[in-house]
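Here are the chains, one letter per residue:
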Amino acid sequence: MFRLLILSIVQFAVLNTANGHVMSTPFRCYWNKDDLSDAELILSYIYNKINYFEFNSTLGKYVGYTKLGISNADRLNKDTAVLQRRKADLENFCKYNAEIYSSDVLSKTVEPKVKVKLVKKSEGSHPAVLMCSAYSFYPPLIKVTWLRNGKEVEGGQTSTEEMADGDWYYQIHSHLEYTPESGEEISCVVEHASFKKPMSYKWDPSMSEPDKSKIAIGASGLVLGVVLSAAGFIYYRKKSSGRILVPT
């Protein structure tokens, strides 16, 4: 996984209200390896949205992109004190803050909640569609695959991107089109940083979600009917026991 961290954007802006000129110097830190051995600092000098020149810690010098930028880069590259300060920024700014970010954010993981369900039954020549949904996980990098009778399914799959929930958590949904066969076994396999190994979630074809809902609704109605009948019977008995028979 490639990691990009914009640790800070420090803008030393000089604004001329008459002409609207703006200069900014953003710091950007990039790294990919956990030990930060490939950490890189880019310090740009941008004037009116044009990047004139920048310091690149990997190159160990300034690089110019315009005539004025090249002139300034050449001048600063001859100043050993300036170069030493910029190289020190890689350690004191980039790596220092990247270690904090890695321990406080990147190292945290939350296991996804996974559900496998039938979203479309097979009708004639039209295939059935299963959906494997993973919810509320972090970090966003995740892999969802399908197994059919122990073998990875190739083709017939579509998947959403990792979608942000807006609360640091993510969700993803993978769909599988297939033609049902008797005795088969289909599973959704999820790989995530929060798992020590890939987790398999088996699809249970014995009862679809709509059927389960119908049974649940029917059972609820039956229980409600029994309760109402019992309440009516009790009320009737109390009413009857309180009557006084008057002979005619």
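Nothing here was measured: the structure is a model prediction, and the numbers come from that model.

**Student:** Honestly, the sheet that holds strand β10 (residues 151-152) in this entry has me stumped. Any pointers?
**Tutor:** Across a sheet, paired strands are connected by hydrogen bonds in the backbone, their directions being either parallel or antiparallel. Strand order in this open sheet of 4 strands is β10-β9-β14-β15, and the pairing throughout is antiparallel. Of all the strands in the sheet, the pair left with one neighbour each is β10 and β15 (199-202). By the bridge criterion, 4 bridges tie strand β14 (residues 186-192) to β15 in an arrangement that is antiparallel. Opposite Val190, over in β15, you have Met199 as the bridge partner.

**Student:** For this particular structure, what's the right way to read the state of the cysteines?
**Tutor:** Cysteine pairs can be covalently joined through their sulfur atoms, and such a bond is termed a disulfide. Considering all chains together, one arrives at 2 disulfides under this definition. Here Cys29 engages in a disulfide with Cys94; their sulfurs sit 2.0 Å apart. Across the disulfide from Cys29 to Cys94, rotation about the S-S bond amounts to roughly -80°, and the bridge is consequently left-handed. In this pair, Cys29 is assigned in strand β3 (residues 27-31) and Cys94 in helix α2 (residues 80-106), connecting sequence segments 65 residues apart. For the pair formed by Cys29 and Cys94, the shared burial category is buried. The disulfide partner of Cys132 is Cys188, and the gap between their sulfur atoms is 1.9 Å. Residues Cys132 and Cys188 are joined by a disulfide whose S-S torsion is about -70°; by sign, that bridge is left-handed. Of this pair, Cys132 sits in strand β8 (residues 128-137) while Cys188 sits in strand β14, placing them 56 residues apart in sequence. Side by side, Cys132 and Cys188 carry an identical accessibility label, which is buried. Disulfide connectivity for the protein, with bonded cysteines indexed by sequence position, reads 1-2, 3-4.

Rules of the game
- Residues numbered from 1 in each chain as written.
- Predicted model: local features only at pLDDT ≥ 70, side-chain atom pairs only at ≥ 80, totals over all residues.
- Heavy atoms only, no water.
- Pairing = 2+ DSSP bridges.
- Helix = DSSP H or I, 4+ residues; strand = E, 2+ residues; numbered from the N terminus.
- Disulfide = S-S within 2.5 Å.
- Buried < 20%, exposed > 50% of the residue type's maximum accessible area, 1.4 Å probe, protein only.

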